[in-house]
Amino acid sequence: MPTPVASYSAALDLADEAATRSFAARLASYLEPGDLIALEGDLGAGKSTLARALLRALGVEGEIPSPTFTLIQHYDTAYLPVAHVDLYRIEDDGEIEELGLEDALDFGALLVEWPARLGRGFEANRVKGRLDISLTLDDATEDPAVEKRKLAATGHGGWAAKLERIVA
Ligand SMILES: Nc1ncnc2c1ncn2[C@@H]1O[C@H](COP(=O)(O)OP(=O)(O)OP(=O)(O)O)[C@@H](O)[C@H]1O
Ligand SMILES: [Mg+2]
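Residues numbered from 1 in each chain as written. Chains lettered and ligands numbered in written order. Predicted model: local features only at pLDDT ≥ 70, side-chain atom pairs only at ≥ 80, totals over all residues. Heavy atoms only, no water.

Another aspect to go through is the sheet that holds strand 6 (residues 129-137). Two orientations exist for strands paired in a sheet by backbone hydrogen bonds: parallel and antiparallel. Strand order in the open sheet made by the seven strands is 1-7-6-2-5-4-3, with mixed pairing throughout. Only two strands of the sheet have a single neighbouring strand rather than two, namely strand 1 (7-14) and strand 3 (72-76). Geometrically, the sheet is characterised by an average inter-axis angle of 15 degrees between neighbouring strands, direction not taken into account. The sheet strands contacting helix 1 (residues 17-28) are strand 1, strand 2 (35-40), strand 6 and strand 7 (149-156), and the helix crosses strand 1 at an angle near 150 degrees. Contacting strand 1, strand 2, strand 6 and strand 7, helix 5 (residues 158-167) crosses the sheet at an angle of about 30 degrees to strand 1. (Pairing = 2+ DSSP bridges. Helix = DSSP H or I, 4+ residues; strand = E, 2+ residues; numbered from the N terminus. Axes fitted to C-alpha atoms, helices over the stretch in contact; angles between N-to-C directions. Contact = heavy atoms within 4.5 Å.)

Written as structure tokens, this is what we have:
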């Protein structure tokens, strides 16, 4: 029997915001309860834009505010509950525990901006599938007004095959 691939990485150029939205829509169709989608990248790289596009693709209507101040926003989409989280303002592991991220994973998926701050307050073993996404501005310009972004992604476990299909 072939050994399942443990992880799969891909890089792509997102020419403009429409390209980011189209990637997010493909990603949305593979999202399952227990999934953690980690969104890394500098301020303005496009993490919230990608998260918002993903929620739209799942049928969320109305406002999708950035969770910068609320830290977490919950959505009951037509397919599964999704929590959109922004950990930029997190200062210690205790604050992470209070968010109840693990409970949200039991029935839904997590979209997490600034995932490096998850730290020890988060029970990573409750995650069933993980996709790491890193967004960067074009190296040559570093100008957020330029729409081009680079996306690097690594899918772990079940997300290895899913990512391979998404970028095929
Ligand atoms: N290709 C692109 N993909 C995503 N966003 C883009 C793209 N081109 C331009 N943008 C713009 O870049 C900005 C990205 O802002 P966004 O709030 O998504 O960033 P963020 O990574 O979530 O930042 P923060 O760390 O502050 O939360 C938006 O104004 C968006 O319209
Ligand atoms: Mg954001």
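On the surface, a cluster of negative charge is made up of E91, D92, E97 and E98. Its place among the elements puts E91 in the loop between strand 4 (81-86) and helix 3 (93-98). We classify E91 as exposed; its relative accessible area is 70%. (Patch = residues over 30% accessible without salt bridge, like charges linked within 9 Å, V, L, I, M, F, W, Y side chains within 5 Å. Areas by Shrake-Rupley, 256 points an atom, 1.4 Å probe, with all protein chains shown as cover. Salt bridge = Lys/Arg side-chain N within 4 Å of Asp/Glu carboxyl O. Lys, Arg positive; Asp, Glu negative; His and termini not counted. Charge placed at Lys NZ, Arg CZ, Asp CG, Glu CD. Buried < 20%, exposed > 50% of the residue type's maximum accessible area, 1.4 Å probe, protein only.)

Attention now goes to the site of ligand 1. Around ligand 1, the structure places 16 residues, and the nearest of them are E17, T20, K47, T49 and E147. A distance of 2.7 Å separates an oxygen atom of ligand 1 from a polar atom in the side chain of K47. Here ligand 1, which alone exposes 640 Å², has 76% of that area covered by the protein. Listed by contribution, the elements that provide at least two residues to the shell around ligand 1 are helix 1 and helix 2 (47-57). Tallying contributions element by element places helix 2 first for the shell around ligand 1, with three residues. In terms of residue class, the shell around ligand 1 is made up of three nonpolar, five polar and eight charged. (Near = heavy atom within 4 Å. Polar contact = N/O pair within 3.5 Å; in protein donor to acceptor, adjacent residues only side chain to side chain. Nonpolar A, V, L, I, M, F, W, Y, C, P; charged D, E, K, R; others polar.)

Moving on: the nonpolar core. Of all hydrophobic cores here, the largest spans 31 residues; its most connected members are L27, L31, I37, L50, L54 and I133. When contributions to this core are tallied by element, the ones reaching two or more residues are strand 1, helix 1, strand 2, helix 2, strand 5 (109-113), strand 6, strand 7 and helix 5. Per-element tally for this core: the top contributor is helix 2, with five residues. When near neighbours in sequence (up to four residues on either side) are disregarded, L54 contacts A24, L27, A28, L31 and L111. (Core = buried A, V, L, I, M, F, W, Y, C linked by side-chain atoms within 4.5 Å.)

Attention now goes to the side chain of Q73. Assignment of secondary structure puts Q73 in strand 3. Looking at Q73, the relative accessible area reads 17%, which means it is buried. Within polar-contact distance, the side chain of Q73 engages the side chain of T70 at 2.7 Å. Discounting residues that sit within four places of it in the chain, Q73 has contacts with P65, P67, V82, A83 and H84.

Note that all results are geometric; they support no functional claim without further evidence.
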